[in-house]
Amino acid sequence: MKTVLISGAGVAGLTLAHWLHHYGFEPTVVEKAAAPRPGGQAVDVRGVALDVADRTGIGSAIRTVRTRMRGMSLLDPDGNEIHRSTEETFSGGRLDNDDIELLREDLTDILYGRTRAGVELVHGDSVTALTERTNGVHVTFERGAPRVFDLVIGADGLHSRVRELVFGEESWFLHHLGTYLAIFGMENFLELTDWQVWLQDGTAGYGIYPVRANTEIRVMLGFESAPLGHDHRDIEQQRRLTADAFAALRWETPRLLKAMAEAPDFYFDSMAHVRMGSWSKGRVALLGDAGYCASPLSGQGTSLALVGAYILAYELSRAAEGAQGPAGRHGAAFARYEERMRPFVEINQAIALENPGGPASEESVDRAKNAISLDDA
């Protein structure tokens, strides 16, 4: 039980790779993208996930690149300020707590720095078939030659290929939460200085906040909708769907939509939960959004990824030292990982449903972000 293939070079996959290497495993990370993905929203590292970051050796680095928001304004449909706060933001919560908000791309860059020296990283390839045999999992790749690994971990996100190959079609596990979200970057034409603005008009709205020393902004366009049945690989279709949903909005919406049409870092997806009866089958297990996405509405997806990776690696290391046979070892590790993580996942998924259209209460977030112990024996 030494070689482990991790599908997906996001927060979950890279953190797991670091800890497996730490425990003496031989991890390989395969990532479909040809290079680390740019863009994306600001993410939060909260509660017990901060302890994972410190133990991983990235705590100081993520604190250095954290966002420095001073507050936010709420706007009416014509862009007039109707409320402001210097105590909290919708994206990061209260400004006086210990939580860390940073760009997703900065977090993954930092994690790459921790894994690059000791982990095999394969970009521009993906898993196409998995066959479990007595000596491991035979893996076929889109481009590379077939290989055999002792274990395979799917950390490949909401639309996990590993989950589809091993557990079944995506529709069995995805639960749409009634909202779609598009994210992209553009120049800071509003000249925002460490300040967010949020506008809501009916069932659609957006948040805008500056990044990169206020030289750029990230735009988050959200709209309510029943499932659209779109192709999650068709970027142009997703741009059209978003543009249609925002066509009637005023203020700076036309300028935002024009930038969206040209943005190279455009991202779009459903806000959804992944709910599964089990996160493992044989020698294959799921991690992070692939197995238990809580959606950006929870603000806890990154923390779940960090904590889940840390606990899965620990349980695999502990099982490797046990007396069971090879099959019993990984089976026991996967079972213990799920036993520890499932209550944490459930309480964090619940906060995404607490306040549709707005953030969960401070009390709920505080309870959820600390609802697990890293040193649980």
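Everything numeric here is computed off the predicted structure, so don't read it as measured data.

J.: Even after reading the chapter, I still don't get the overall build of the chain, so can you show me in this structure?
T.: Scanning the chain from terminus to terminus reveals eleven helices and 20 strands. Its C-alpha atoms give the chain a radius of gyration of 21 Å, near enough to 21 Å, the size a compact globule of 377 residues would have. Over its C-alpha atoms, taken along the principal directions, the chain stretches across nearly 65 × 40 × 35 Å. Looking at the chain alone, contacts between residues at least 24 apart form 70% of all its contacts between residues at least 6 apart.

J.: Would you explain the pairing of strand 2 (residues 26–31) in this entry?
T.: In regular strands, side chains alternate between the two faces of the sheet. The element strand 2 is extensively covered by neighbouring structure, given that five of its six residues are classed as buried. Of the strand pairs in this sheet, strand 1 (residues 3–7) and strand 2 are connected by five bridges, and their pairing is parallel. Each residue of the ladder has a partner; that of Val 4, found in strand 2, is Pro 27. Handedness of the strand 1-helix 1 (residues 11–22)-strand 2 crossover: right-handed. Here strand 2 pairs with strand 9 (residues 120–123) via four bridges, running parallel. From the neighbouring strand, Glu 31 faces strand 9, where its bridge partner is His 123.

J.: Which parts of the structure should I look at to understand the pattern of salt bridges?
T.: Pairing is possible between side chains of opposite charge, provided their charged atoms come close. Summed over all chains, the structure comprises 28 salt bridges. The shortest N-O distance in the salt bridge between Arg 37 and Glu 31 comes to 3.1 Å. Between Asp 231 and Arg 233 there is a salt bridge whose closest N-O contact spans 3.5 Å. Each of Asp 44, Arg 46, Asp 99, Asp 366 and Lys 369 takes part in a single network of salt bridges with overlapping partners.

J.: What is the right way to look at the pairing of strand 1 in this model?
T.: Counting buried positions over the five residues of strand 1 gives four, a clear majority of the element. Bridging between strand 1 and strand 13 (residues 151–154) involves four bridges; their strand directions are parallel. When the sheet's bridge partners are listed, Ile 6 is paired in strand 13 with Ile 153.

J.: I tried to follow the confidence of the model for the chain on my own but got confused; where do I start?
T.: Detail in the predicted coordinates should be disregarded across regions flagged by low pLDDT. Here the chain averages 93 in pLDDT, and 96% of its residues register 70 or above. Low pLDDT, under 50, characterises residues 323–327; the predicted model gives this stretch three contacts beyond four residues in sequence or across chains.

J.: What exactly am I supposed to notice about the sheet that holds strand 17 (residues 216–224) here?
T.: Backbone hydrogen bonds are what pair the strands of a sheet, in a parallel or an antiparallel way. The strand order 5-4-15-16-17-14-18 describes an open sheet built from seven strands, whose pairing is mixed. Edge strands, defined here as strands with exactly one partner in the open sheet, are strand 5 (81–85) and strand 18 (267–274). Each adjacent strand pair in this sheet contributes to an overall mean axis angle of 20°, direction not counted. Relative to strand 17, helix 6 (residues 235–246) is tilted by about 75°, and along the sheet it contacts strand 14 (174–187), strand 16 (204–211), strand 17 and strand 18.

J.: I would appreciate a short explanation of helix 7 (residues 253–262) in the present structure.
T.: For an α-helix the count is 3.6 residues per turn, leaving residues at separations of three or four pointing the same way. Buried within helix 7 are the following residues: Thr 253, Leu 256, Leu 257, Ala 259 and Met 260. Burial along helix 7 is one-sided: seen end-on, the buried residues are contained in an arc of 160°. What points out from helix 7, more than 90 degrees from its buried face, is the exposed set Pro 254, Lys 258 and Glu 262. Tucked inside the fold, the buried residues of helix 7 contact strand 14, strand 16, strand 17 and helix 6.

J.: What is the right way to look at the packing of helix 1 against helix 9 (residues 301–320) in this model?
T.: If you want to describe how two helices pack, look at the angle between their axes and the distance between the axes. Relative orientation of the contacting elements helix 1 and helix 9 amounts to 30°, with a least axis distance of 8 Å. Relative to helix 9, the element helix 1 lies roughly parallel. Two packed elements cross with a definite hand, and for helix 1 against helix 9 that hand is right-handed. Residues Val 11, Ala 12, Thr 15, Leu 16, Trp 19 and Leu 20 of helix 1 form the contact with helix 9, whose own contacting residues are Thr 302, Ala 305, Leu 306, Ala 309, Tyr 310, Leu 312, Ala 313 and Leu 316. Taken together, the residues of the contact of helix 1 with helix 9 sort by class into twelve nonpolar, two polar and no charged.

J.: I keep staring at the sheet that holds strand 12 (residues 147–149) and nothing clicks. Help me out?
T.: The strand order across the open sheet formed by three strands is 10-11-12, and the pairing between neighbours is antiparallel. Of all the strands in the sheet, the pair left with one neighbour each is strand 10 (127–133) and strand 12. Each neighbouring strand pair of the sheet contributes to a mean axis angle of 30°, computed without reference to strand direction. Where strand 11 (residues 136–141) lies against strand 12, three bridges are found, and the strand directions are antiparallel. When the sheet's bridge partners are listed, His 138 is paired in strand 12 with Val 148.

J.: Would you mind showing me how to read helix 9 here?
T.: In this model helix 9 runs 28 Å from its N-terminal to its C-terminal C-alpha over 20 residues, within 8% of the 28 Å that 1.5 Å per residue would give. Where burial is concerned, most of helix 9 is hidden: 16 out of the 20 residues are buried.

J.: Can you help me understand unusual backbone geometry in this one?
T.: Keep in mind that most residues, glycine aside, have a negative phi and that most peptide bonds are trans. The phi torsion at Asp 194 lies on the positive side, around 50°, for a residue other than glycine. With respect to the helices and strands, Asp 194 occurs in the loop between strand 14 and strand 15 (195–201). By relative accessible area, which is 23% here, Asp 194 ends up partly exposed. Notably, Ala 213 is not glycine yet its phi reads approximately 55°, a positive angle.

What counts and what doesn't
- Residues numbered from 1 in each chain as written.
- Predicted model: local features only at pLDDT ≥ 70, side-chain atom pairs only at ≥ 80, totals over all residues.
- Heavy atoms only, no water.
- Helix = DSSP H or I, 4+ residues; strand = E, 2+ residues; numbered from the N terminus.
- Rg over C-alpha atoms; globule rule 2.2 N^0.38 Å.
- Contact = heavy atoms within 4.5 Å.
- Buried < 20%, exposed > 50% of the residue type's maximum accessible area, 1.4 Å probe, protein only.
- Pairing = 2+ DSSP bridges.
- Right-handed = clockwise from strand over helix to strand, strands pointing away.
- Salt bridge = Lys/Arg side-chain N within 4 Å of Asp/Glu carboxyl O.
- pLDDT = per-residue confidence, 0-100.
- Axes fitted to C-alpha atoms, helices over the stretch in contact; angles between N-to-C directions.
- Arc of directions from axis to C-beta.
- Parallel < 35°, antiparallel > 145°, perpendicular 65-115°, else oblique.
- Left-handed = near helix turned anticlockwise from the far one by under 90°.
- Nonpolar A, V, L, I, M, F, W, Y, C, P; charged D, E, K, R; others polar.
- Expected span 1.5 Å × (residues − 1).

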